[in-house]
Amino acid sequence: MKNFKTILITGANRGIGLQLVKESISKRFYTIGTFRNKQKSEKLLQIISNNITFLEMDVVNEKSISNATKKIKYPIDYLICNAGINNGYGNIFDDDHSHEKMLEVLNVNILGCILTIRHFKKHLNTNAKVILISSILGTQAHNGSTATIYRASKAAVNNIMVSISEDFKSERITVSAFHPGWVRTDMGGINATLSAKESAKSLIKCFENLRFEQTGKLFNYDGKVMNF
Ligand code: NAP
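This section reports on the structure supplied with the text. (Residues numbered from 1 in each chain as written. Predicted model: local features only at pLDDT ≥ 70, side-chain atom pairs only at ≥ 80, totals over all residues.)

### Observations concerning the overall build of the chain
Within the chain, the secondary structure is distributed over six helices and eight strands. In sequence order, the secondary structure elements of the chain are arranged as β-α-β-α-β-α-β-α-β-α-β-α-β-β. For 228 residues, the compact-globule estimate of 2.2 N^0.38 gives 17 Å, and the C-alpha radius of gyration of the chain, at 16 Å, lies within 12% of that figure. Looking at the chain as a whole, 43% of its 228 residues are labelled buried. In the chain, the share of contacts with a sequence separation of at least 24, taken over all contacts with a separation of at least 6, comes to 65%. (Helix = DSSP H or I, 4+ residues; strand = E, 2+ residues; numbered from the N terminus. Rg over C-alpha atoms; globule rule 2.2 N^0.38 Å. Buried ≥ 20, exposed ≤ 12 C-beta atoms within 10 Å, placed from the backbone. Contact = placed C-beta atoms within 7 Å.)

Encoded structure:
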């Protein structure tokens, strides 16, 4: 039996995903970071460690996910579905809510999580934890009209998290969603309240403390349960 934890993080080449990789390595986890475009992934690919593997993977391309699963060497303890997009913060009358752009947000944020979990299920360790990175914008209590389709996608992420947690209960695999806070990344913007490092540090601690009894819940990055 291996005596180290293995974590796989999707969308690991920048933003929160990249910091999750760095925190995981500092915790001596065996870390797998996925990226979809080599040209945009220098910061990830330049990390030097004996405990890291980089995998090319687009979360909405099944062939690419399936190819990535073939390169997994150890059972995965933490599967982190972090990859996501927000095409814009406008409302339904803005250009960022064209049919095509809305489909892209729903595809990456919802189906990307489902496809990742479907394909990597066979590599999950006993008592593994599956984490979907969601958002407070996907909770019904959070009112506002901006980023309409992004909010809807994250509401769906919370919903599929519950369904998948039920599917995995008999195997005692924990499935939870996390709001990472408002984070200074390309998506969060410069006015956000948290650095990616602050968010990732707190998230990794929460992932480690997560118990099976908490499956099916949404958490804030500080570990507090959130209603959705
Ligand atoms: P970000 O800086 O924009 O990074 C997004 C990441 O997702 C990038 O690595 C991107 O890869 C990847 N990605 C997008 N589409 C993909 C696809 N089809 N296949 C594989 N990877 C894909 O965003 P972030 O702020 O770090 O956000 C990370 C997660 O946190 C997202 O799920 C987001 O919704 C959530 N979140 C963020 C905030 C915030 O304030 N920042 C708040 C709440 C929730 P490329 O470089 O190739 O595009």
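### Quick word on the sheet that holds strand β7 (residues 218–220)
In sheet architecture, strand pairing relies on hydrogen bonds along the backbone and comes in two forms, parallel and antiparallel. As summarised here, the arrangement of the eight strands in space is β3-β2-β1-β4-β5-β6-β7-β8, forming an open sheet in which the pairing is mixed. Looking at the sheet topology across the chains shown, the edges are occupied by β3 (52–56) and β8 (225–226). Packed on one face of the sheet, helix α4 (residues 99–120) meets β1 (6–9), β4 (76–81) and β5 (124–133) and runs near 160° to β4. Contacting β5, β6 (174–179) and β7, helix α5 (residues 148–167) crosses the sheet at an angle of about 165° to β6. (Pairing = 2+ DSSP bridges. Axes fitted to C-alpha atoms, helices over the stretch in contact; angles between N-to-C directions.)

### With respect to the pairing of β6
Of all six residues in β6, six are buried; the element is thus mostly enclosed. Burial along β6 is two-sided: the residues T174, S176 and F178 and V175, A177 and H179 are all buried. Examined bridge by bridge, β5 and β6 share five bridges and lie parallel to one another. What sits directly across from I131, in β6, is S176. A crossover links β5 with its parallel partner β6, the connecting element being α5, and its sense is right-handed. Note: β6 against β7, three bridges, orientation parallel. From the neighbouring strand, F178 faces β7, where its bridge partner is F219. (Right-handed = clockwise from strand over helix to strand, strands pointing away.)

### What about the environment of I133?
With respect to the helices, strands and loops of the structure, I133 is situated in strand β5. Using a count of 26 C-beta atoms within 10 Å as the deciding quantity, one classes I133 as buried. With 31 residues separating them along the chain, I133 and I164 place their C-alpha atoms 14 Å apart. Every residue in contact with I133, bar those within four places of it in the chain, is listed here: I16, I80, C81, N82, G84, F178 and P180.

### A word on the nonpolar core
Judged by nonpolar contacts, the single largest core of 59 residues is most densely connected at L79, I80, C81 and I131. Of all the elements, α4 adds the most residues to this core, at seven residues. Not counting residues within four places of it along the chain, the set of residues in contact with C81 comprises T10, C113, T116, I117, I131, L132 and I133. (Core = buried A, V, L, I, M, F, W, Y, C linked by C-beta atoms within 7 Å.)

### Topic: the packing of helix α3 (residues 62–69) against α4
Packed helices, taken two at a time, are described by the angle their axes make and the gap between the axes. Remark: α3 packs on α4, axes separated minimally by 10 Å, with the N-to-C direction vectors making an angle of 35°. Every pair of crossing elements has a handedness; the one defined by α3 and α4 is right-handed. The residues of α4 that touch α3, namely those facing E62, I65, S66 and T69, are L115, T116, H119 and F120. Taken together, the residues of the contact of α3 with α4 sort by class into three nonpolar, four polar and one charged. (Left-handed = near helix turned anticlockwise from the far one by under 90°. Nonpolar A, V, L, I, M, F, W, Y, C, P; charged D, E, K, R; others polar.)

### So, the site of the ligand
Surveying the vicinity of the ligand reveals 30 residues, the closest of which are G11, G15, G84, T185 and G188. Of all the elements in the fold, those that place two or more residues in the shell around the ligand are α1 (15–26) and α4. Of the residues contributing to the shell around the ligand, the split by class is 12 nonpolar, 13 polar and five charged. (Near = placed C-beta within 6 Å.)

### A closer look at the environment of I85
Checked against the element boundaries, I85 lands in the loop between β4 and α4. A tally of 16 C-beta atoms within 10 Å means that I85 is categorised as partly exposed. Separated by 16 residues in sequence, I85 and T69 place their C-alpha atoms 23 Å apart. Ignoring sequence-local partners within four residues, the contact set of I85 consists of E104, V105, V108 and N109.

### Here we look at the pairing of β4
Along a regular strand, successive side chains alternate from one face of the sheet to the other. With six of six residues buried, β4 is to be regarded as a mostly interior element. Note that the unit made of β4, α4 and β5 has a crossover that is right-handed.

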